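Each chain, letter by letter, is given below.
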Amino acid sequence: MAEIAELERMIEPEVKSLGFDLVRVMMIGGTSDPTLQIMAERPDTRQLGIADCEAISRRVSDLLDADDPIDGSYRLEVSSPGIDRPLTRLKDYSDWAGDEARIIVANPVGGRKQFSGTLYGTEGNQVKLTDKAGVAHTIAFSDISSAKLLLTDKLINATAPLSTEGADTIQTTEE
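Numbers given to residues run from 1 along each chain, matching the order in which its sequence is written. Selection of residues for local features in this predicted model requires a pLDDT of at least 70, selection of side-chain atom pairs for listing and counting requires 80 or more, and totals for whole chains, interfaces and linings are taken over all residues. To get the side-chain values, take all heavy atoms of the structure and skip hydrogens and water.

Asker: Explanation requested: the overall build of the chain in the structure shown.
Answerer: Each helix and strand in the chain was counted, giving 4 helices and 9 strands. Comment: elements are numbered from the N terminus, with helices defined as DSSP H or I runs of at least four residues and strands as E runs of at least two. Helices (α) and strands (β) of the chain occur, in sequence order from the N terminus, as α-β-β-α-β-α-β-β-β-β-β-α-β. With an accessible surface of roughly 8,900 Å², the chain has 49% of that area assigned to carbon and sulfur atoms. Using the Shrake-Rupley algorithm and a 1.4 Å probe, accessible areas are obtained, with residue cover drawn only from the displayed protein chains.

See below:
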């Protein structure tokens with residue numbers, strides 16, 4: 001089976017050619033229910049409607065059928081990142097500065113593997129965050145294993161006008 005990084009390199013140009021930004025490519029569901037999950041967004045609204053999901057699904061499905069990089073059957077899921085979205089690109093930490101996030105690092109930083117607090121953007125390849133106690137943390141982007149925005153009233157209110165378009169998902173099964 002192709003590595004996720006290889007799948008990203010294949011999929012991203014197709015998603016970009018349709019006018020969307022790729023947020024994440026991930027294989028989920030394990031061996032019992034393998035699902036290739038693709039999260040994308042419109043650069044202007046940071047959302048994705050059902051028609052957008054369908055367009056991406058058709059384009060990526062054709063690509064995957066032609067190249068067949070994944071062994072066996074799997075589902076293809078195309079979705080919006082949603083309100084409490086994953087933070088996967090360095091620019092996400094600047095784009096969402098002022099919002100609350102949870103960051104998990106692969107190896108402990110200062111004896112900790114998890115950090116929660118308000119994002120304050122980036123400095124070079126470093127992510128800046130201040131926790132609830134007011135302690136500032138600087139974390140190397142390369143040390144982050146996962147991160148996501150935390151669902152808060154502020155985030156809901158900030159994204160409410162965008163949410164009326166809906167965060168949609170479409171799934172297909174690939175053989």
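Asker: Please clarify how the packing of helix α1 (residues 4–17) against helix α2 (residues 50–67) should be interpreted in this entry.
Answerer: Relative placement of two packed helices is described by the angle separating their axes and the distance separating the axes. Helix axes are fitted only over the stretch in contact, all axes being lines through C-alpha atoms; the angle between N-to-C directions runs from 0 to 180 degrees. Two elements in contact, α1 and α2, have axes separated by 10 Å at closest approach and are oriented at 140°. Viewed along their axes, α1 and α2 adopt a mutual orientation that is oblique. As α1 packs across α2, the resulting crossing turns out to be right-handed. Of the residues in α2, those in contact with Leu7, Met10, Ile11, Glu14, Val15 and Ser17 of α1 are Ile56, Arg59, Val60, Leu63, Leu64 and Asp67. Polarity classes work like this: nonpolar for Ala, Val, Leu, Ile, Met, Phe, Trp, Tyr, Cys and Pro, charged for Asp, Glu, Lys and Arg, and polar for all others, with Gly in that last group. Among the residues making up the contact of α1 with α2, the classes are represented as 8 nonpolar, 1 polar and 3 charged. Roughly parallel means an angle under 35 degrees; roughly antiparallel, over 145; roughly perpendicular, 65 to 115; everything else is oblique. The crossing is said to be left-handed when, going from far helix to near helix, the turn is anticlockwise and less than a right angle, and right-handed when the turn is clockwise. By definition, residues are in contact when any of their heavy atoms lie within 4.5 Å.

Asker: Teacher, can you tell me more about α2 here?
Answerer: An α-helical segment advances 3.6 residues per turn. Residues three or four places apart therefore align on the same side. Along its 18 residues, α2 runs 25 Å from first to last C-alpha, staying within 8% of the 26 Å computed at 1.5 Å per residue. Exposure categories follow from relative accessible area, calculated using a 1.4 Å probe and restricted to protein chains: below 20% of the type maximum is buried, above 50% is exposed, and the middle band is partly exposed. Those residues of α2 lying buried are Asp52, Cys53, Ile56, Ser57, Val60, Ser61, Leu63 and Leu64. Buried residues of α2, seen end-on, are gathered within an arc of 165° and therefore sit on one face of the element. Away from its buried face, by an angle of more than 90 degrees, α2 presents the exposed residues Arg58, Asp62 and Ala66. To estimate the expected span of a helix, subtract one from its residue number and multiply by 1.5 Å. Taking the helix axis as origin, the arc is that swept by the directions to the C-beta atoms.

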